[in-house]
Amino acid sequence: MARLSIPRPAPRIIENVELPFVLPHSRYDVEQLDVIIGKKGQGKTTGQEHYIETREPRLLVVTPRPDFQRVELADDLDDALNDLSFGEPCRRRVVVNRRTCGGFETMHEYGQYLFGRCCDELRNALLVLSEVHLLAAPAPNPPSPELVDLISQGRHYGVRMMVDSQHPRFLQSIFFLEMTHLVAFKVTDEKDLDVVESYAGAETAQTVAQLDKGKCAVVTL
Ligand SMILES: Nc1ncnc2c1ncn2[C@@H]1O[C@H](COP(=O)(O)OP(=O)(O)OP(=O)(O)O)[C@@H](O)[C@H]1O
Ligand SMILES: [Mg+2]
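First things first, this report covers the structure right here in the doc.

About the thresholds
Residues numbered from 1 in each chain as written. Chains lettered and ligands numbered in written order. Predicted model: local features only at pLDDT ≥ 70, side-chain atom pairs only at ≥ 80, totals over all residues. Buried ≥ 20, exposed ≤ 12 C-beta atoms within 10 Å, placed from the backbone. Helix = DSSP H or I, 4+ residues; strand = E, 2+ residues; numbered from the N terminus. Arc of directions from axis to C-beta. Contact = placed C-beta atoms within 7 Å. Core = buried A, V, L, I, M, F, W, Y, C linked by C-beta atoms within 7 Å. Pairing = 2+ DSSP bridges. Axes fitted to C-alpha atoms, helices over the stretch in contact; angles between N-to-C directions.

### A closer look at helix H6 (residues 145–153)
- All buried positions along H6 are accounted for by Leu147, Leu150 and Ile151. For H6, the angular spread of buried residues about the axis comes to 90°, placing them on one side. More than 90 degrees from the buried face of H6, the exposed residues found are Pro145, Ser152 and Gln153.
- Where H6 is buried, its residues touch strand E2 (33–37), helix H4 (107–121) and helix H7 (173–178).

Rendered as structure tokens:
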């Protein structure tokens, strides 16, 4: 039996530095979950940096690497959430080393803790989660209750999210099912392209396989 063909929005191809002009910003009443994917070194972080620096006054970045260096480094999650609790413009970054996992046994356990704390305490801010498949157990594992809460409840508290990953095939489906924007840089692995096709359509998958470095396809869902 032929599969039902669902019409999909056409991707818009832009340079990563144009992301601030394409994504919504600073509106904590607007639901936003941006999923940024693409192979290593294609320009994901550069695009996110342009967006957050010009458009986002309240921000928490959680990253396993020493990137996003222009965002002020916090000692740990407690420190960052405390600084953000006053409701003022405030940008903070927490680096979670993959070996020490913020004091937890695994990055996934740290992720559960992080999602729970953000759901309970973070208000009116953008939460940027870099290499998010390290924090959320990779597909096909089900999402933890803390992640489901953060995605479904966080939006009522003005928590907007921007998550990135080099490997869309490891991202849990909740991210794709709930995303408001897909920002796809070049992807060439067949399994990753299948994921792009299943959530954003064949046209987007064909487009992202051929993107030049620094360019991305933005799909607004
Ligand atoms: N639009 C662009 N044009 C040319 N070079 C770019 C562009 N955007 C980023 N770059 C350069 O490409 C390199 C990789 O960029 P970036 O770190 O943003 O990629 P990434 O996708 O985040 O990589 P990773 O997956 O390793 O985190 C950097 O040296 C950056 O300066
Ligand atoms: Mg990066």
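### Here's the deal with the nonpolar core
- Core analysis: the largest hydrophobic core is formed by 67 residues, its most contacted members being Val35, Leu60, Leu127, Ala184 and Val196.
- Looking at this core, the element that brings in the most residues is H4, giving six residues.
- Excluding residues within four positions of it along the chain, Leu60 makes contact with Ala80, Leu84, Arg92, Leu122, Ala125 and Leu127.

### Quick look at the sheet that holds strand E1 (residues 12–15)
- Here eight strands make up an open sheet; going across it, the order is E1-E8-E7-E2-E6-E5-E3-E4 and the pairing mixed. The strands lining the two open edges of the sheet, one partner per strand, are E1 and strand E4 (90–95). If you compare each strand with its neighbour and ignore which way they point, the axes differ by 20° on average.
- Relative to strand E5 (residues 125–129), strand E3 (residues 58–63) is paired through four bridges, and the arrangement is parallel. Across the sheet, the residue bridging to Leu59 is Leu126, located in E5.

### As for the environment of Phe176
- Assignment of secondary structure puts Phe176 in helix H7.
- Given 20 C-beta atoms within a 10 Å radius, Phe176 is considered buried.
- C-alpha separation for the pair Phe176 and Val62, spaced 114 residues apart in sequence, amounts to 20 Å.
- With residues up to four places along the chain from it excluded, the contact list for Phe176 reads Val35, Leu171 and Tyr199.

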